[in-house]
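The chain contents come next:
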Amino acid sequence: MQQTWVSATDPATDLPAPLAPVVAEYRIAPGTAIAYPVKAGQFIQIIDVDGSQCSDFLAFAGEGYGEELDGTVTRTLLGLAMPQVGLFSHYFSQQMRPLVEVVQDTCGRHDSFMLACTRRYYEDAGYPGHPSCSENFNQVLRDYGIAPRLGWPAINFFFNTEVDGTGAIIAGEAWSRPGDYVLLRAHQDLLCASSACPDDIDPINGWHPTPIHVRIYGAESSFPRLRGHRAAPSLPLRLTQDSAFTPRIRDLTRHLADYNGFWVPLSYPQQGKAADYWALRERVAVMDLSALRKFDLTGTDALALLQWVFSRNVAQLAVGQSAYGCLLNPHGGIVDDGIVFRLGEAAFRYVGNCDTDALWLHTVAQERGFAVEILPTSDRLHNLSVQGPRSRDLLTPLIRFDPQWGLSTLAELGYFRFATGTLEGIPVFVSRTGYTGELGYELFVDPCDGLALWDAVMQAGKPFGLLPMGMEAIDCARIEAGLLAAGREFSDLISPYQAGIGWSVALKSKGDFIGRAALEALRSRPPFVAVGLTLAGNEVACGGQGVYAEGQPWRIGQVTSGTFSPVLNRSIAIAQIAPDYAQLGMVVEVGFLDGIKRRDRATVGPLSPYDPTKSRVKA
């Protein structure tokens, strides 16, 4: 193994282990840069050794290195500020050829807008003679016949920048932690250059530049595509993973994206963009919801904990029954929404969206002195959702329930009820729940049986016109049904009454619980309330766009989610608006552009314009 060190510093001993046999590696001392060759097919791992350290990156290809990685071309071709792991992962040259692609990224925040730091920047700040990445690049590229520049338009890995709502580019300390890295794959023979940025006059490098480490892996290496997630400061890095069903999904589409730490299909282009949507509404569709988080709660105080922190009256649930609600915080905000399943007298399962749900449950249990065990079971239970008006017809001949549930057929399984059994001999946990506004069921299964379950459902579904469904169609369906999405309709600053699920708060049927006093005060007059909007035109409203009183300049709320509804043939939205404007039939305006230049009239309606009474899901 070749090792090249560009400083006298000893190799770092706290680096992440190599991902594969290393062809070459380089240590870049703080405030310096290196140039290094990379062959087509090889992999480049750029590692932040100590955290909060930016590394600018250049790549050249072609005769005389005349072809150069170009951030503007890349942004234009991808429609993204930065390439991301997955389908839109390539950096392109001025000739629109891919030079490198992002294979793994454990940080997730980089920059492609700014120049690498320049001599001019430091001079203007009062630091003449300060080293800069651009000058360092000029020095190391000189031997390759590459002309110097006053400022290099680099890709600035770990550089924490974003464009705010006014168009300003703002920057702060890098998000990267010690050992965070970006893994790139070269698509051409390249000359690359990397720096360890010398900026110590602002927070970009945490005020203290540190080393960058580069490893080169051979073209024969094979690496899965991964992104890193940290749901909370105290939680370990979680890398994107496949679900039990992803191998089959990959056979059908390449249009996958990272959602909540799992690779999920956005759409299935081969079957037509709207085909899966209409399969759901008219027949039956299947979707992978394994990205949901599951936690089992057991112990003498399991019920007491859920009664304190969950909005519903869990004590009223019978074994085999579930309830939708939300985890609450002391000021009445929604920590997360989810479903509680009563598995036994002192055994429950919570299915929500976030790894941090378990942290909150642990915190509350410790504060209240509850004796309860909280066991993460997300990796033991992956779930396939079968939804649509023909879902019962499809599943009835396949499922046999265990005797203790007293169920002869699937038709006897009531709304928000569950039972265990087998599907074509595969052990399953069957729940009559969903996220589409249609009759449907969720099948929870051990991941080792995932492929067999997928194959059995897909084979049985052929006579019914079953199709797999992507997240784009799911999002449209859940907006039509008035169902909430984390980060859009709710957050820990939004109460259930503002989010439109005030009915899920058991103020009357149970005693004291966390946030009760705040919710009692909010109940009669929340600052905003959730409504459905039907727009007069066909333009799709986006989350964050303002809602205005008709003909007036002031905002009365904002859109949280919007879509064009195929079944309604109208543009619809979920919005949160001031209570005085929330009466059914009231006309308001959705502001496009800056909210002044163009507006579209909209009529206030129920949260679910598709099926306000939920007659379809309860069928």
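Calculation notes
- Residues numbered from 1 in each chain as written.
- Predicted model: local features only at pLDDT ≥ 70, side-chain atom pairs only at ≥ 80, totals over all residues.
- Heavy atoms only, no water.
- Helix = DSSP H or I, 4+ residues; strand = E, 2+ residues; numbered from the N terminus.
- Buried < 20%, exposed > 50% of the residue type's maximum accessible area, 1.4 Å probe, protein only.
- Contact = heavy atoms within 4.5 Å.
- UniProt positions renumbered as here; feature names shortened; annotations may be inferred.
- pLDDT = per-residue confidence, 0-100.
- Polar contact = N/O pair within 3.5 Å; in protein donor to acceptor, adjacent residues only side chain to side chain.
- Expected span 1.5 Å × (residues − 1).
- Arc of directions from axis to C-beta.
- Axes fitted to C-alpha atoms, helices over the stretch in contact; angles between N-to-C directions.
- Parallel < 35°, antiparallel > 145°, perpendicular 65-115°, else oblique.
- Left-handed = near helix turned anticlockwise from the far one by under 90°.
- Nonpolar A, V, L, I, M, F, W, Y, C, P; charged D, E, K, R; others polar.
- Pairing = 2+ DSSP bridges.
- Phe/Tyr/Trp six-rings, centres within 6.5 Å; stacked < 30°, edge-to-face > 60°.
- Lys NZ or Arg CZ within 6 Å of the ring centre and 35° of its normal.
- Salt bridge = Lys/Arg side-chain N within 4 Å of Asp/Glu carboxyl O.

The name that an unreviewed UniProt entry assigns to the protein chain is DUF1989 domain-containing protein, with the source organism given as Thermoleptolyngbya oregonensis NK1-22.

*Asks:* Residues and numbers for the overall build of the protein chain, please.
*Replies:* Regarding its fold elements, the protein chain presents twelve helices and 36 strands. In terms of its C-alpha atoms, the protein chain occupies a principal-axis envelope of roughly 80 × 60 × 55 Å. When each of the 619 residues of the protein chain is scored for burial, the buried share is 56%. Intrachain contacts of the protein chain at a sequence separation of at least 6 include 69% that bridge at least 24 residues.

*Asks:* Would you mind going over the UniProt feature "domain: DUF1989" (unreviewed entry) in the protein chain in detail, with residue names and values included?
*Replies:* Residues annotated in UniProt with the feature "domain: DUF1989" (unreviewed entry) correspond here to residues 27-191. Taken end to end, residues 27-191 is 14% helix and 32% strand, and its first and last C-alpha atoms sit 17 Å apart.

*Asks:* Give me the UniProt feature "domain: GCVT N-terminal" (unreviewed entry) in the protein chain: which residues, what numbers.
*Replies:* Mapped onto this numbering, the UniProt entry gives "domain: GCVT N-terminal" (unreviewed entry) at residues 256-508. Helix makes up 24% of residues 256-508 and strand makes up 30%, while its end C-alpha atoms are separated by 44 Å.

*Asks:* Explain the confidence of the model for the protein chain residue by residue, including any values.
*Replies:* Low-pLDDT stretches of the model should not have their predicted coordinates read in fine detail. The predicted model of the protein chain has a mean per-residue pLDDT of 94, with 98% of residues at 70 or higher. The low-confidence segment residues 1-12 (pLDDT under 50) makes 24 contacts with residues lying over four places distant or belonging to another chain.

*Asks:* Go over the environment of R225 with me, naming the residues and quoting the values.
*Replies:* Along the chain, the position of R225 falls in the loop between β14 (212-217) and β15 (226-229). When the C-alpha atoms of R225 and V102 are compared, they prove to be 8.3 Å apart, with 123 residues separating the residues in sequence. In this view, R225 contacts V85, E101, V103, T240 and W263; residues no more than four positions away in its chain are not counted. For R225, the side chain forms a polar contact with the side chain of E101, separated by 3.2 Å.

*Asks:* Pulling in residues and values, what's your account of helix α7 (residues 356-368)?
*Replies:* Each α-helix turn comprises 3.6 residues. Residues three or four places apart therefore point the same way. For α7, which comprises 13 residues, the first-to-last C-alpha distance of 18 Å matches the rise-based estimate of 18 Å (1.5 Å per residue) to within 8%. Every buried residue of α7 is accounted for by D357, A358, W360, L361, V364 and A365. Axial view of α7: buried residues confined to an arc of 160°, hence all on one face. Looking at α7, the residues exposed on the side facing more than 90 degrees away from the buried face are Q366 and E367. Contacts from the buried residues of α7 go to β20 (293-298), α6 (302-309), β21 (322-328), β22 (334-344), β23 (347-352) and β24 (373-376). A positive phi of about 70° marks G369, the residue just after α7.

*Asks:* So what about the packing of helix α5 (residues 275-282) against helix α10 (residues 471-480)? Which residues, and what values?
*Replies:* When two helices pack together, their arrangement is given by the angle between the helix axes and by the axis-to-axis distance. Where α5 meets α10, the closest approach of the two axes is 9 Å, and the angle between their N-to-C directions is 40°. When the interaxial angle is binned, α5 and α10 end up oblique. As α5 runs across α10, the sense of the crossing is right-handed. Contacts from D276, Y277, L280 and R281 in α5 reach A473, C476, A477 and E480 in α10. A breakdown of the residues in the contact of α5 with α10 according to their chemical character gives five nonpolar, no polar and three charged.

*Asks:* Describe the sheet that holds strand β33 (residues 555-565), naming the residues involved and giving the relevant values.
*Replies:* Taken in spatial order, the six strands close into a barrel running β31-β34-β33-β32-β35-β36, and their pairing is antiparallel. For this sheet, the mean angle separating the axes of adjacent strands, direction not counted, is 45°. Alignment of strand β31 (residues 529-535) against strand β34 (residues 570-577), held across six bridges, turns out to be antiparallel. Within the sheet, the bridge partner assigned to V529 lies in β34 and is I577. Sitting on the sheet, α10 is in contact with β33 and β34, with an inclination near 125° to β33.

*Asks:* So what's going on with the packing of aromatic side chains? Residues and values would help.
*Replies:* Overall, the coordinates contain 19 aromatic pairs when judged by the stated rule. Taking the centre distance of 4.8 Å and the plane angle of 70° together, the rings of Y415 and F416 count as edge-to-face. Here the aromatic residues F341, W405, F418, F429 and F444 are joined through ring pairs into a cluster of three or more. Residue placement shows R75 over the ring face of F113; its charged tip is 4.5 Å from the ring centre. A cation over a ring is seen here: R368 above W308, with NZ or CZ 3.7 Å from the ring centre.

*Asks:* Describe the pattern of salt bridges, and please don't skip the residues or the numbers.
*Replies:* Going through the model one piece at a time under the given rule, you end up with 27 salt bridges. Between D379 and R238 there is a salt bridge, with its nearest N and O atoms 3.9 Å apart. With a gap of 141 residues between them, D379 in the loop between β24 and β25 (382-387) and R238 in strand β16 (residues 238-239) connect regions that are remote in the sequence. Across the pair E438 and R281 runs a salt bridge, and its minimum N-O distance is 3.0 Å. Pair noted here: E438 is in the loop between β28 (426-431) and β29 (440-445) and R281 is in helix α5, with a separation of 157 residues, a long-range link. The pair E438 / R281 is uniform in exposure class, with both members buried.

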